[in-house]
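# Architecture and fold: a report
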Amino acid sequence: MPKEKFKVTPWEVKGKVDYNILIRKFGTQKISDDLLERIKKHTGELHFMLRRGIFFSHRDLDWLLDKYETGEEFFLYTGRGPSGHTHLGHLTPWIFTAWLQEKFDVHLYFQMTDDEKHLVKPLSLEQTTGFAYDNALDVLACGMDPKKTHIFSNIEYGKTIYKEAVKIAKHVTFSTAKAVFGFKNSSNIGIIFFPAIQAVPCFLPSVLEGKNIPCLIPAAIDQDPYWRISRDIAPKMGYYKPTQIHNKFIPGLKPGGKMSASDPSSAIFTTDTPEQIEKKIMNAFTGQQPTAELQRKLGGNPDICTVCQYYFYLFEQDDKKLEKIFEGERTGTLLAGEHKADLAKRVKDFIAEHQRRREKAKKIIDKVMLRD
Ligand code: TRP
């Protein structure tokens, strides 16, 4: 059988991703059962995203725990490219990040790459900086601790960021950046410098505090190329290498591929109305047979059913209840109409609650944002 082709870069995810191949290709480590046990010792329970392997890969998480166990506090770093409204796929790592922050009681630095999105998308800088504020509300709505969360737009915190980026850029050759990111002669020179900017928050708290602080980055695996560069230069600059924990992509509502903002019908946005949510889910792809009769007789396939996958990734956190839903799909007792209607209700409730928290976030956002 021909191997399925897929592509994962920070700017493009295509095809059906084989995560085991990706671990090998990127040279990361699979999260082992032993490592899960070790995390559990500190957190008391395992987040469902760890139990289910949604967070599946890491770099040096064991080293980070060694440090933590000897009393060295770490900080969290993650971010978002503000090119539009936030959708459920973006929330996956943020929800997990909020959990890590709560369990370890640590600071979070959150970078909004309004510069990057202006460089790679047909959007003005004013638009991307605007989305940085819009998206920051979604970050806070995920339950971050406002006292320990520091969100910034690269443009509005530019003075602080640029000073560190220049020092980093000096250590990264064009040939390295080209090999890691596949830059071409036609790439604009802004994006060629940009990896230095995304590396800055790995070290910024160490600069601000005047001592080395370990960094943990929870993020989707497509961001890994940035950390390869950051890890490479860290010892040269006298810093710890930043550590990572990587998540898989939440699938879109269409067959194959991830949830993508460039195809609005594949994604549910945090700003969607109940009617829009209902419509998108009722049109979602299920793994079921073409007719109810056939479905009752033959059953469907939860692995390709986007409705089942939504339960798996976010909307049913109880493993036993999830298994029941999968069983219903497999054995044909659960029919598509009911299956979708149940999910639509869950998603509408979730988004309504998220929107309430988003409104509340407007009151504190100014205190949380870093500016020069
Ligand atoms: N480049 C990321 C994006 O396009 C945004 C980002 C910046 C980020 N820093 C990060 C994502 C750290 C994860 C972790 O979405």
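Anything mentioned here points back to the structure above.
This report concerns the structure included in the present document. Just so it is clear, the structure is predicted and the values come from calculations on it, not from any experiment.

If you check helix H11 (residues 224-237), its first and last C-alpha atoms are 20 Å apart, about what 14 residues at 1.5 Å a residue would give, namely 20 Å. Directly beyond the C-terminal end of H11, a positive phi value near 85 degrees is found at Gly-238.

A few words now on the nonpolar core. Of all hydrophobic cores here, the largest spans 68 residues; its most connected members are Leu-50, Leu-88, Ile-151 and Val-347. No other element matches the 9 residues that helix H5 (residues 88-104) contributes to this core. A domain split of this core shows at least three residues from each of domain 1 (7-250) and domain 2 (264-358). Sequence-distant contacts of Ile-151, defined by excluding residues within four places in its chain, comprise Phe-110, Met-112, Ala-136, Val-139, Leu-140, Val-368, Met-369 and Leu-370. Ranked by size, the runner-up nonpolar core spans 30 residues in total, among them Ile-161, Ala-196, Phe-203 and Leu-204.

The next point concerns the packing of aromatic side chains. Applying the stated criterion across every chain yields a total of 23 aromatic pairs. Ring plane angle 50 degrees and centroid distance 5.2 Å describe the contact between Phe-152 and Tyr-157, whose orientation is recorded as tilted. Grouping aromatic residues by their ring pairs yields a cluster made of Trp-11, Tyr-77, Phe-181, Phe-183, Phe-194, Tyr-226 and Trp-227. The positively charged end of Arg-52 is found above the aromatic ring belonging to Phe-312, 5.7 Å away from the centroid. The ring of Phe-56 is capped by Lys-248, whose NZ or CZ atom sits 5.6 Å from the centre of that ring.

For Asp-60, which is not glycine, the phi torsion reads 60 degrees and is therefore positive. Counting through the fold element by element, Asp-60 comes out in the loop between strand S4 (55-59) and helix H4 (61-69). Using a relative accessible area of 24% as the deciding quantity, one classes Asp-60 as partly exposed. Not every positive phi belongs to a glycine, and Asp-105 is a case in point at roughly 55 degrees. Along the chain, the position of Asp-105 falls in the loop between H5 and strand S6 (108-112).

About the criteria used
Residues numbered from 1 in each chain as written. Predicted model: local features only at pLDDT ≥ 70, side-chain atom pairs only at ≥ 80, totals over all residues. Heavy atoms only, no water. Helix = DSSP H or I, 4+ residues; strand = E, 2+ residues; numbered from the N terminus. Expected span 1.5 Å × (residues − 1). Core = buried A, V, L, I, M, F, W, Y, C linked by side-chain atoms within 4.5 Å. Buried < 20%, exposed > 50% of the residue type's maximum accessible area, 1.4 Å probe, protein only. Domains from an automatic or database assignment. Contact = heavy atoms within 4.5 Å. Phe/Tyr/Trp six-rings, centres within 6.5 Å; stacked < 30°, edge-to-face > 60°. Lys NZ or Arg CZ within 6 Å of the ring centre and 35° of its normal.

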